[in-house]
Amino acid sequence: MEIAKTYDPKAIENKWYSHWLAKKYFRSVPDEREPYTIVIPPPNVTGVLHMGHMLNNTIQDVLIRRARMLGKNACWVPGTDHASIATEAKVVAMLKEQGINKSDLTRDEFLKYAWEWKDKYGGIILKQLEKLGASCDWDRTRFTMEDDLSEAVIDVFIDLYNKGHIYRGVRMVNWDPAGLTAVSDEEVIHKEVNSKLYYVKYIIVDADEKIDLADEAVVNNKLESGSYITVATVRPETILGDTGVCVHPDDERYKKLKDKFAVIPFVNREVPIIFDDYIMMEFGTGALKVTPAHDINDYNLGIKHNLAVIDTLNPNGTMSEAAGFYVGKDRFEVRKQIVKDLEAKGHIAKVEDYKNKVGYSERTNAVIEPRLSMQWFLKMQDISKPALENVLNGNIKLIPDKFINTYKHWMESVHDWCISRQLWWGQRIPAWYDDKGNCVVAKTESEAIKLFKNPTPNSQVNSPTPDSSLPTIKQDEDVLDTWFSSWLWPISVFDGFKNPDGKDINYYYPTNDLITAPEILFFWVARMIIAGYEYRQEKPFTNVYLTGIVRDKQGRKMSKSLGNSPDPIELIEKFGADGVRVGMLLCSPAGNDLMFDESYCEQGRNFCNKIWNAFRLVKGWSVDAKLPQSSGNKIAVEWFDARLKEQVVLINELYDKYRMSEMLMTTYKLVWDDFCAWYLEMIKPDFVDGNSLAIDNKTFESTISFFESLLKLLHPLMPFISEEIWHLLKDRKGGDDIIIASWPKTSEVKQSLLTEFDHASNVVTEVRNIRKSKNISPKEKISLFQKTASGTETSLFDDIIKKLCNLDKLETTQTSIENAISFVVKQNEYFIPFNSAIDINAEKERLQKELDYTQGFLNSVMVKLGNERFVANAKPEILANENKKKADAEARINAIKEVLANI
RNA sequence: GGGAGCUUAGCUCAGCUGGUUCAGAGCAUCUGCCUUACAAGCAGAGGGUCACAGGUUCGAACCCUGUAGCUCCCACCA
């Protein structure tokens, strides 16, 4: 049977994925085995796979597949997140394209469209994960807005409300004028921008001064006479909402302004001058305009000094009626215009270039406006305590641990969480209001009515509705923040709320590993931990592996807008899923960002091909059952067996430390270098007259078994090709699939064999080098003489050296050989007789260099050993080592000297 | 403004308790090979003042101090 020369992933990936599905290998139900559980970080339901997902899910699949092979009950729960702002924005955009405005729709109509959209596009991303080979238990697929999960969200809200952790109030929130909703502090991204600092003059009047502010001449007179105060601002449009001017009480410049008033330009509002040590005298003019409705600091000042609050912004970022001027115009347009108008009126003192930080919405990228509004909040102070403790005490491990500091810092200064969003797509807040503004929190309308009639201490009901009449009530229009559902994910996917003592939750919770991006450490990870302790009195997971951010070669974050992100599905088509998986892991040190480049996937594909061809070679051999095993083959098998065991131990350790790319590289080298380049070459049958000789049965069987072990080690990394070759290597009974094969065992390693091989491989390399430098064809047989220290020792690997160097003879000698090229490995001398003239000078020079080097080495060792303080202070094993180095170097120098003398 | 981290070969990164000639790996590069498993390959080679300056030590890529550059996180100074 002819086997293709290159590995073709396309044909086999679907085949094996369907096979695994059909055999239900991904399926997990509780049993007596130890569970190993991962819950997927649910991707946005309408999203498509990007490189970050690829990395994330590759790692998860690697861990899950290995756990499965270790005999654990591996359960990887997939699912999607309803992502309220992002999804709602997408639906709104889609409707707009169809000429439909959200504002023209009722809530129900809109939600109908949204669900249609979700049903159509939702879950594409999960289909894409299948292409990657993700072995999720698809029967467990959950969605954060499905009925059960939504119910859990509502129950949790009610519970936290009843426990007093949730409150409602008017607060300064981060307002997203594009998304038309409040967002949490964590959803605001601060960026430094170049802006202008405007110095604006406000005229000063006495409390009882009666002047006509509308009269320009009067105002000009004031300005000219110096009766004004200058404030500095980067947001001049907020002037219209100013209700005070604040200066420092110790500021000599402004002491005279006590009890006076400043006049806000345009609106001609007289506002008090207040004194507060919050002010920094050095900044700007030392005078601050106070806009309580649109700045958090100003808001606090306003409360302290009893200032009025004038909200001059509409939700969409245009000026409101209350502003009085520029009504309906966007704030940024107004910013330009008002400066011009102030200038014209002589109110601008100067304008400076200025760098400041501006908040942008994570979802819509709109400039966030601080805005006062009625929102729901979760008090974080108490509820977050166990979440901090259990990370600090190591019950939950962050990998890499450098994130513990960041985590600690955040948890210690955590703010209350604004959990309401002015959206429709999401879990609607279970709060109900009557027409008198009373409020109760209840799961259903009928329960709410009951509460209005018989309020509990928690209900915000002033006067109960009498039994005789029914209250007219209406539910809160807002929905909950998406993270208010995803923080329950590790519990809710196992129905831990619906059925708190259920089989699933008791078996799978707490889960083992969470693999996610550091970007959402606070958004999501910290909150899951909080919810875990609040609702299960137990951590949600033990290890949090934080991946890096996928960047392009120039270090830019991959993003749609930059167009620098490759399409993962195209990559899979080009390089095969296994190749891409390897490519992702090759460049992914834990916790560090990774500079992705397609060439890594190419390397992954080449690796597939290498494995494939090793298979072709082995498959092509004919086995002669009568042939005895040669001594060379015997030693080759023994050596590789030792090497394999040694490396399995190392690979296991690397897994335990979550060193994924090192684990991959170790496996890679074991397969490519040790197995292909050395072992297979050692045992490869010779060619005689154009025909390959047969291989003995014993060696062949061992080789197949080695190959199987390697495939097992490869399986978590490269599931498809390993399963394919597993089946091509042998006829297998139904159910003998590598996905459920057991992970290679380890046992004591014969260390001496490894050391001897090391020596032999050095000899082989030296001979190859000489062949190359002397232009001796690899096909030409040559002879090699070795002179060992005692003169009689033979090496276990002699037969192998003979084969790999294409020698016609390898003899041990006690005397040096004339007319030969020579080299030294460790303390042994080697000679290759050479017929043509040898460039004696060149030979001498080469050996002399070698000698000088060794001499230099010996000297450095001698210096150390001659140093009394070293001998006195160094640990015994270090000292012994130095002595051994000395002896080895001396022996080697003797050997080289001897060779030199005989040239 | 506060905090954390990083800087090792052309690139991406290891280097764990300071101690082997410890200066490494993969990729890339160069040289020679179409040697019946694989040119997506084989064999071999070159390549680094471990950011810089001091210090501690018998000994420093590793510990300490300072400097520079980069990155990230947090924060309500107009």
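Going by the structure above, here's the rest.
Our subject in this report is the structure included herewith.

Parameters at a glance
- Residues numbered from 1 in each chain as written.
- Chains lettered and ligands numbered in written order.
- Predicted model: local features only at pLDDT ≥ 70, side-chain atom pairs only at ≥ 80, totals over all residues.
- Heavy atoms only, no water.
- Near = heavy atom within 4 Å.
- Polar contact = N/O pair within 3.5 Å; in protein donor to acceptor, adjacent residues only side chain to side chain.
- Helix = DSSP H or I, 4+ residues; strand = E, 2+ residues; numbered from the N terminus.
- Nonpolar A, V, L, I, M, F, W, Y, C, P; charged D, E, K, R; others polar.
- Buried < 20%, exposed > 50% of the residue type's maximum accessible area, 1.4 Å probe, protein only.
- Arc of directions from axis to C-beta.
- Contact = heavy atoms within 4.5 Å.
- Salt bridge = Lys/Arg side-chain N within 4 Å of Asp/Glu carboxyl O.
- Core = buried A, V, L, I, M, F, W, Y, C linked by side-chain atoms within 4.5 Å.
- Axes fitted to C-alpha atoms, helices over the stretch in contact; angles between N-to-C directions.
- Parallel < 35°, antiparallel > 145°, perpendicular 65-115°, else oblique.
- Left-handed = near helix turned anticlockwise from the far one by under 90°.

## Some points on the protein's contact with RNA strand B
Neighbouring RNA strand B are 55 residues, the closest being Met 280, Asn 297, Tyr 853, Arg 869 and Lys 885. Restricting the count to atoms of RNA strand B within 4 Å of the protein gives a sugar and phosphate share of 61%. Here a sugar or linking oxygen of RNA strand B sits 2.8 Å away from a polar atom, N or O, in the side chain of Arg 616. Glu 662 places a polar side-chain atom, nitrogen or oxygen, 3.3 Å from a sugar or linking oxygen of RNA strand B. The biggest single contributor to the surface near RNA strand B is helix α19 (residues 598–620), with ten residues. Among the residues forming the surface near RNA strand B, the class breakdown is 22 nonpolar, 17 polar and 16 charged.

## Some thoughts on helix α7 (residues 216–224)
Burial in α7 covers these residues: Val 219, Lys 222 and Leu 223. The buried residues of α7 occupy an angular sector of 100 degrees when the element is viewed end-on, so they sit on one face. Opposite the buried face of α7, at more than 90 degrees from it, the exposed residues are Ala 217, Asn 221 and Glu 224. Residues of α7 that are buried in the fold lie against β7 (188–205) and β8 (228–233). The backbone nitrogen of Ala 217 lies 2.9 Å from a side-chain oxygen of the residue at the head of α7, namely Asp 215. Gly 226 sits one or two residues past α7 and shows a positive phi near 80 degrees.

## Quick look at the pattern of salt bridges
Tallying each qualifying case throughout the model produces 58 salt bridges. Note that Lys 260 and Asp 206 form a salt bridge whose closest N and O atoms lie 3.1 Å from each other. Residue Lys 260 is found in the loop between β9 (244–247) and β10 (261–264), and its partner Asp 206 is found in the loop between β7 and α7; the two are separated by 54 residues along the sequence. We classify Lys 260 as partly exposed; its relative accessible area is 26%. Judged by its relative accessible area of 31%, Asp 206 falls in the partly exposed class. Measuring nitrogen to oxygen at the nearest pair gives 2.8 Å for the salt bridge that ties Asp 674 to Arg 643. One end of the pair, Asp 674, is in helix α21 (residues 660–683); the other, Arg 643, is in helix α20 (residues 631–656), with 31 residues separating them in the sequence. Residue classification places Asp 674 among the buried residues on the basis of a relative accessible area of 8%.

## Quick notes on the nonpolar core
In a soluble, globular protein the nonpolar side chains are often hidden away together inside. If you look at the biggest cluster of nonpolar residues, it comprises 190 residues, and the most contacted ones within it are Trp 376 and Phe 484. Of all the elements, α21 adds the most residues to this core, at 13 residues. Counting residues in hydrophobic clusters, the runner-up holds 27 residues, among them Leu 257, Ile 264, Ala 287 and Met 319.

## Some thoughts on the packing of helix α10 (residues 385–392) against helix α11 (residues 403–412)
One way to put it is that α10 packs onto α11 with a least axis distance of 10 Å and a crossing angle of 160 degrees. Classified by the angle their axes make, α10 and α11 are roughly antiparallel. The two elements α10 and α11 meet at a crossing, and its hand is left-handed. Between α10 and α11, the residues in contact are Ala 387, Leu 388, Val 391 and Leu 392 and Ile 404, Tyr 407, Lys 408, Met 411 and Glu 412, respectively. Among the residues forming the contact of α10 with α11, the class breakdown is seven nonpolar, no polar and two charged.

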